[in-house]
Structures are given as C-alpha cells and as structure tokens.
Amino acid sequence: MHKEFILTFPQKSMKKQTLRIGELAKFADVEASTIRYWEKRGLIEGIRDKSSGYRFFERNEVRKTIIITLLRKSIYKIEDIKKIVDEIEDKNLASIKKHYTIVNDELDNQLAMQLKAISFYMDYCEKLKSS
C-alpha cells in the first residue's frame, strides 16, 4: 500500500484534507507514539486545534509520514531521514520516487543474493548428509 501511495501520490487523493494523529498512524501502519516521536524530532509537524486539542496533519505531513515509514524500513537513520524530509516539496517529489525505487531495487537484489546463498548452503548440507 505504501509503495503504491508514494509512487502515485500526486494523482491519488486523500479522502480527507487533514488526519488526526490516530488516523495518520493507522494510515501509515505505525503506532501513534511513533507519530508523536517523529513530531518531537521535527520530522513532521501537526497543527493543534485550540478548541478540541486534537492535532491534525495536512497532506504534506501525511506524505512525509509515508516517506519516513518507507525509509525506516530501508534501514535509514533518523538524522538521514530528517535531511530527506526537510527537502520534500511537490517539485522534488519525483526525486523521492526515484530514490525510493532505487533503494527498493537494491534491497530486492540483496534479498535475492541472500536467498541464493541459502539455497547453496542447503544443497551443501544435503551433499554432506548423503556422503
């Protein structure tokens, strides 16, 4: 879901213009405490509704949250992620998409090599057994 969201973000519309912290956490598939931590670290910024006390996150912050979620799964450090999300604007979203695609391809290649190595090891173990 996240990959499709980030790759189609300019075309894909959100049902609501803003999301509360719980809605954002559910949408990004993370805990609300994670959203609070990222907000405290300055990765995202919510808008506090003075009458209700709720925090709301606008479209750009939702986009940042999804990008942060994807980058964290790609083993990025928080400091590196902060640099990336600080530069996020509509005009450079294409570079984020390109970066995500490259990183995703690299991870796929690493996984393929690991699976191949496991296969070779299993074959080796079978040969030892039959000897």
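Bear in mind that the values here come from a model prediction, so they are computed numbers and not experimental data.

Cut-off values and rules
Residues numbered from 1 in each chain as written. Predicted model: local features only at pLDDT ≥ 70, side-chain atom pairs only at ≥ 80, totals over all residues. Heavy atoms only, no water. Helix = DSSP H or I, 4+ residues; strand = E, 2+ residues; numbered from the N terminus. Buried < 20%, exposed > 50% of the residue type's maximum accessible area, 1.4 Å probe, protein only. Contact = heavy atoms within 4.5 Å. Pairing = 2+ DSSP bridges. Phe/Tyr/Trp six-rings, centres within 6.5 Å; stacked < 30°, edge-to-face > 60°. Lys NZ or Arg CZ within 6 Å of the ring centre and 35° of its normal. Patch = residues over 30% accessible without salt bridge, like charges linked within 9 Å, V, L, I, M, F, W, Y side chains within 5 Å. Areas by Shrake-Rupley, 256 points an atom, 1.4 Å probe, with all protein chains shown as cover. Salt bridge = Lys/Arg side-chain N within 4 Å of Asp/Glu carboxyl O. Axes fitted to C-alpha atoms, helices over the stretch in contact; angles between N-to-C directions. Arc of directions from axis to C-beta. Polar contact = N/O pair within 3.5 Å; in protein donor to acceptor, adjacent residues only side chain to side chain.

**Some points on unusual backbone geometry**
The phi dihedral of D29 falls on the positive side, at around 60°, and the residue is not glycine. Of note, D29 is situated in the loop between α2 (21–28) and α3 (32–40). Its relative accessible area of 59% is what places D29 among the exposed residues.

**Some points on the side chain of E39**
With respect to the secondary-structure elements, E39 resides in helix α3. The exposure class of E39 is buried, given its relative accessible area of 19%. Those residues in contact with E39 that sit more than four places away from it in its chain are I44, E45, G46, R55 and F57.

**A look at the pairing of strand β3 (residues 55–58)**
Of the two faces of β3, only the one carrying R55 and F57 is buried; F56 and E58 on the other face are not. Examined bridge by bridge, strand β1 (residues 18–20) and β3 share 3 bridges and lie antiparallel to one another. Opposite T18, over in β3, you have E58 as the bridge partner. Across 2 bridges, strand β2 (residues 47–48) lies against β3 in antiparallel orientation. Bridge pairing in β3 places R48 opposite R55.

**Describing the packing of aromatic side chains**
If you walk through the whole model with that rule in mind, you get 1 aromatic pair. Centre to centre, the rings of Y54 and F56 are 6.5 Å apart; their planes meet at 75°, and the pair counts as edge-to-face. The ring of Y54 carries R20 above its face, with NZ or CZ at 4.8 Å from the centroid.

**Some points on a nonpolar patch on the surface**
On the surface, L111, L115, I118 and M122 cluster together into a nonpolar patch covering about 400 Å² of accessible area. Within the secondary structure, M122 is located in helix α6 (residues 93–130).

**A few points about the sheet that holds β3**
Taken together, the 3 strands give an open sheet; going across it, the order is β1-β3-β2, and neighbouring strands pair in antiparallel fashion. If you trace the sheet from one side to the other, it starts and ends with β1 and β2, each paired once. With respect to the sheet, helix α4 (residues 59–73) is in contact with β1 and β3, its orientation differing from that of β3 by roughly 80°.

**Focus on α2**
Because each turn of an α-helix spans 3.6 residues, side chains separated by three or four positions end up pointing in the same direction. Here α2 has its buried residues at I21, L24, A25 and A28. Buried residues of α2 fall within an arc of 100° about the axis and therefore sit on the same side. Once α2 ends, the next one or two residues include D29, with phi positive near 60°.

**Section: the side chain of R55**
Mapping R55 onto the fold places it in strand β3. Within the structure, the side chain of R55 is placed 3.3 Å from the side chain of E39, a separation counted as a polar contact. Those residues within four positions of R55 in sequence are excluded, and the remaining contacts are L19, R20, I21, R36, E39, I47 and R48.

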